[in-house]
Amino acid sequence: MISHVFPPAALTLHTPRLELRLPTPDELAHLATTAAQGIHHPDTTPFSTPWTTGTPQQVASRVVLHHWRALGNWDPHHWALPLAAFHHGHPIGIQELKARHLATTHTVSTGSWLGQPHHGNGYGKEMRNAVLHLAFTTLGAHRARSAAFDTNPASLAVSHALGYTHDGTEELVVLDKPVRQHRLLLTRDTWTNPTPTTTTGATACLPWFGL
């Protein structure tokens, strides 16, 4: 089994409505098609790297390549865990958890996307809280960071609902246009864990997270 040589493959998070885990190749293909069909309004670009621009084939390919690159470049001191979120067995989006030198910094960051048909159901909050549960209760993180543009109110709303506080702004240029990015910070002491989450397979992964 792949989990014998790469334990994160067996890591699974369960919330009341969702399951988060690494996708199989076929599930990854499904996610790529979902992203190609649209994950945000076409007049906005909510990512600092505008990977959702281009043809559907280009967008789908970027989803697959990003996933493979994250796992292929894995290092215990610099890793990104791109978990797929499943609802009733169907993959609906990606929730990523990242860290650099976690054992020293005790800090993680997150990023995510959902297929447009699944917006407005509270899944984004449930997905984010699931990886915060992993970070704060299992991985020993003290802080979690996030960021979102002015044009991404849904992401900002998730952060505020989970208790993140404002941590400054910065001006970026995306597709030759200026955008304001809000930095957000959540600490373990202020996190309320609003959604029950259970984890399986986490203990075997600790050395892979640099712990």
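Details of the structure are given in the entry above.
Residues numbered from 1 in each chain as written. Predicted model: local features only at pLDDT ≥ 70, side-chain atom pairs only at ≥ 80, totals over all residues. Heavy atoms only, no water.

### Structural notes on unusual backbone geometry
The backbone of H106 shows a phi angle near 55 degrees, a positive value even though the residue is not glycine. Among the structural elements, H106 can be located in the loop between helix 3 (102–105) and strand 5 (107–114). The exposure class assigned to H106 is partly exposed, which follows from its relative accessible area of 25%. Phi is positive for N193, close to 50 degrees, though the residue is something other than glycine. (Helix = DSSP H or I, 4+ residues; strand = E, 2+ residues; numbered from the N terminus. Buried < 20%, exposed > 50% of the residue type's maximum accessible area, 1.4 Å probe, protein only.)

### Examining the sheet that holds strand 3 (residues 78–87)
Reading across the sheet, the nine strands line up as 7-8-6-5-4-3-2-1-9 and stay open at both edges, with mixed pairing between neighbours. Two strands lie at the open edges of the sheet, namely strand 7 (165–174) and strand 9 (198–200), each paired on one side alone. On average, each strand axis in the sheet is tilted by 25 degrees relative to the strand beside it, whichever way the strands run. One ladder, built from six bridges, connects strand 4 (residues 90–100) with strand 5; its direction is antiparallel. Bridge pairing in strand 5 links K98 to S109. (Pairing = 2+ DSSP bridges. Axes fitted to C-alpha atoms, helices over the stretch in contact; angles between N-to-C directions.)

### A few points about the nonpolar core
With 39 residues, the main nonpolar core has L20, W79 and L81 as its most contacted residues. Ranked by residues supplied to this core, first place goes to helix 4 (residues 123–138) with eight residues. The residues touching L81, leaving out its near neighbours within four places in the chain, are P8, L11, L22, W74, Q95, E96, L97, L134 and F209. Ranked by size, the runner-up nonpolar core spans 15 residues in total, among them A35, W51, V64 and W113. (Core = buried A, V, L, I, M, F, W, Y, C linked by side-chain atoms within 4.5 Å. Contact = heavy atoms within 4.5 Å.)

### Thoughts on helix 5 (residues 153–161)
Buried residues of helix 5: S155, L156, V158 and S159, and no others. Looking straight down helix 5, one finds its buried side chains confined to an arc of 160 degrees; they lie on one side. Across helix 5 from its buried face, at more than 90 degrees, point the exposed residues P153, A154 and H160. Buried residues along helix 5 sit against helix 4, strand 6 (143–149) and strand 8 (177–187). (Arc of directions from axis to C-beta.)

### Quick look at the pattern of salt bridges
Under the definition given, this model contains six salt bridges. The closest approach of N and O atoms between R17 and E126, which form a salt bridge, is 2.9 Å. Separated by 109 residues along the polypeptide, R17 in the loop between strand 1 (12–14) and strand 2 (18–21) and E126 in helix 4 bring together distant segments of the chain. A residue is classified by how much of its surface remains accessible, and R17, at 34% relative accessible area, is partly exposed. Of the charged contacts, one joins R145 and D167 as a salt bridge, the two residues approaching to 2.8 Å between their closest N and O atoms. With a gap of 22 residues between them, R145 in strand 6 and D167 in strand 7 connect regions that are remote in the sequence. Using a relative accessible area of 34% as the deciding quantity, one classes R145 as partly exposed. Residue D167 is classed as partly exposed on the basis of its relative accessible area, which comes to 29%. (Salt bridge = Lys/Arg side-chain N within 4 Å of Asp/Glu carboxyl O.)

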